[in-house]
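Residues per chain, in single letters:
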Amino acid sequence: MTVRFTAERRSPVEVTDTLLVPVETGESFDPSIQELDRILNGKLCESVRDLGLTGRVGQVAVLSTWGQLPAQRLVVVGVGSPETRTADDIRRAWGAAAQAAAEAGARTLYSPLPVVAGLELDAVCRASVEGAGLGTYRFLEYRTRMEPALSLEQVVFLAAPEEVERGIRRGEAAVEAVCLARDLVNRPGNDLPPERLAGLAWEIAERAGLECRVFDRGALEELGAGAILAVGQGSRHEPHLIHLVYRPAGQPLASVGLVGKGVTFDTGGISIKPAEGMERMKGDMAGAAAVIGVMQAVAKLRLPIAVHGVVAAAENMPDGAAFRPGDILRALNGKTIEVISTDAEGRLLLADALTYTARQGVDLMIDLATLTGACVVALGKQGTGLFGTDRALVDALVRAGERAGERLWPMPLWDEYRELLKSEHADIKNTGGRWGGAINAALFLREFTEGVTWAHLDIAGPAWAERSGPLGPAGGTGHGVRTLLYFLEEYTAGR
Ligand code: BES
Ligand code: MN
Ligand code: ZN
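Residues numbered from 1 in each chain as written. Chains lettered and ligands numbered in written order. Predicted model: local features only at pLDDT ≥ 70, side-chain atom pairs only at ≥ 80, totals over all residues. Heavy atoms only, no water.

## Quick look at the coordination of the manganese ion (ligand 2)
Under perfect tetrahedral coordination by four donors, a metal shows angles of 109.5 degrees; under perfect octahedral coordination by six donors, it shows angles of 90 or 180 degrees. Rule in force here: Here the coordinating atoms are restricted to nitrogen, oxygen and sulfur within 2.8 Å of the metal centre, or 3.2 Å for Na, K and Ca, and because water is not among them the sites may look incomplete. Here the metal geometry follows the donor angles, with tetrahedral for four donors whose angles all fall between 85 and 135 degrees, square planar for four and octahedral for six when opposite donors are more than 155 degrees apart and every other angle is between 65 and 115, and irregular for all the rest.
Surrounding the manganese ion (ligand 2) are the protein donor atoms Asp-266 (OD), Asp-343 (O), Asp-343 (OD) and Glu-345 (OE), which sit 2.1 to 2.2 Å from the metal. Here the manganese ion (ligand 2) binds 6 donor atoms, and the angle range of 69 to 168° at the metal identifies the geometry as irregular. Taken in chain order, the donor set of the manganese ion (ligand 2) reads D-x76-D-x1-E. The distance between the manganese ion (ligand 2) and the zinc ion (ligand 3) comes to 3.1 Å, and Asp-266 binds to both of them.

And the structure:
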């Protein structure tokens, strides 16, 4: 993360560099800003009217200060109406405003905090931090021509530091975690084979103070993780299972497992994918990236629960040694799986990873995976398909998503569809046909959860953005990180 966040109790009329000016629908201004318009002899209101700024959330314009203020420029941003405004409106507005400020050459952006009904100032601040931090994210690691990096160095909230300190800390931890996940997703397959993902996870664990255990191929053979091994056997790069653990200082209030699909590149294997758009399959480890990001944040925030982050990493390649359709595998829990499509590899990895996590004695576990194209057909690019064996857990995740500004939509685990996974010669097969593909995949996973309370997030759509937006550029989004953080915080508070 490049932008730093602080707070100072100052008046907007005395700050330098760049000032953020929130505009409400109806072209009215936050009371704190009215004095500003007086000093500018009404020019602020006039410009807003001339530019046709209506206060719609995220609408943004950069204005001069006509030499009448210490500040060099104003970033005027729509923040909707005070009655209907949500935390996510603030998040998106601050994303757009920070981007505009950075593009205009601002180094410091001074920002008042608007009122959101039903939200503490602290939570408003957190949403602003998330918006500004994520909106100015860029992935420049592979550019050789020095692009002018974004100029923005800090955002200073015009508020009493002690009132927003917690919001800043939590927001920063969330931004760092999401940006870490984005970096991992955007990193190409040639630079992120499974062993490299394991190496990076190890480094992150070291820095964050997490325990880390990595299983290479030999260790996976000893463990009996036949499904993970099969997916990885066609690649020059061995599959790995990565196990991160966060333990709080005192007795943990509970223990949670987070499981991520880490396919560092998905060609489809012998059931090879069409060439068109295959490059996006470098992002087939977005679930793993989200889990690693969340683990970093959990350590930073010192939540009073134990958290196990488990990633099954493999590269799905076609090769003389690759697994084939018709192969029968033995999973970690002893069940046999008939492979119908080698392109349904994510559920194979997760099968063993879920069993492994369940055996850590967790109270509940949640997996994240770019699992099925069918889920994208069902919910589009914005929606995560949410499955779960426990109503309270599903509801809590939906609520967390609402607060995080991520869309999760409950999907069914209908027992009748379990029929579709019946195999001629093994206990189960790895595909259930085209119809209800996201549901079949989730039903497959359920067979490997060992009866532990479980939820599954199919993030195939939202993990990757086709276009840039107020919360970041095209590419990896880090979707799921914020939802999990808000979920874990609420879960912790309820214990
Ligand atoms: N990684 C893909 C799913 C995917 C598709 C993610 C589009 C993101 C965007 C997954 O491994 C896959 O190939 N799933 C198959 C399953 C099928 C063979 C049952 C699919 O969705 O077509
Ligand atoms: Mn696949
Ligand atoms: Zn895949």
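## Observations concerning the site of ligand 1
To keep it simple, the criterion reads: Any residue with at least one heavy atom within 4 Å of a molecule or strand is counted as near it. Polar contacts here mean pairs of N or O atoms no more than 3.5 Å apart (in protein, one a potential hydrogen donor and the other a potential acceptor; neighbouring residues in sequence count only if both atoms are side-chain atoms). Areas reported as accessible are Shrake-Rupley estimates using a 1.4 Å probe. Residue values count occlusion only from the protein chains shown.
Near ligand 1 you find 15 residues, and of these Lys-273, Asp-284, Asp-343, Glu-345 and Gly-373 are the closest. One of the side-chain N or O atoms of Asp-343 is found 2.8 Å from an oxygen atom in ligand 1. Contacts to ligand 1 include Gly-373, whose backbone N or O atom sits 2.7 Å from an oxygen atom. Expressed as a share of its isolated accessible area of 520 Å², the protein-covered part of ligand 1 is 73%.

## Considering the nonpolar core
The criterion, for reference: Here, the term nonpolar core denotes a set of buried Ala, Val, Leu, Ile, Met, Phe, Trp, Tyr and Cys residues that are joined through side-chain atoms within 4.5 Å. Partly exposed describes any residue whose relative accessible area lies between the buried limit of under 20% and the exposed limit of over 50%, with all areas from a 1.4 Å probe on protein chains only and scaled to the type maximum. Segmentation into domains, and thus their bounds, comes from an automatic or database assignment. Contacts were defined at the residue level, with two residues in contact if any of their heavy atoms lie within 4.5 Å.
With 99 residues, the main nonpolar core has Phe-157, Leu-258, Ile-366, Leu-397 and Phe-487 as its most contacted residues. When residues are assigned to domains, this core turns out to be shared by domain 1 (4–161) and domain 2 (175–493), each giving three or more. For Leu-258, the residues in contact, after removing those within four places along its chain, are Val-291, Val-294, Met-295, Val-307, His-308, Gly-309, Val-310, Ile-366, Leu-484 and Leu-488. Counting residues in each nonpolar core, the second largest holds 48 residues, with Val-231, Leu-350, Leu-371 and Cys-375 among its members.

## Let's talk about the coordination of the zinc ion (ligand 3)
Coordination of the zinc ion (ligand 3) by the protein involves Lys-261 (NZ), Asp-266 (OD), Asp-284 (OD) and Glu-345 (OE), with metal-donor separations of 2.0 to 2.4 Å. Because the angles between the 6 donor atoms bound to the zinc ion (ligand 3) fall within 78 to 176°, the donor set is best described as octahedral. Each donor residue of the zinc ion (ligand 3) lies on the same chain, and together they follow the pattern K-x4-D-x17-D-x60-E.

## Considerations on the pairing of strand E9 (residues 255–266)
Defined as follows: A run of H or I in DSSP becomes a helix once it reaches four residues, and a run of E becomes a strand once it reaches two; helices and strands are each numbered from the N terminus. A pair of strands is labelled paired if DSSP reports no fewer than 2 bridges between them. Think of it like this: strands point away, you trace from the first strand over the helix to the second, and a clockwise trace means the crossover is right-handed.
For E9, the tally of buried residues reaches 12 of 12 residues, placing the bulk of the element in the interior. As paired strands, E9 and strand E10 (residues 306–316) are joined by 11 bridges and run parallel to one another. Bridging across to E10, Val-256 finds its partner in Val-307. In this view, the connection linking E9 to its parallel neighbour E10 by way of helix H9 (residues 286–301) has right-handed handedness.

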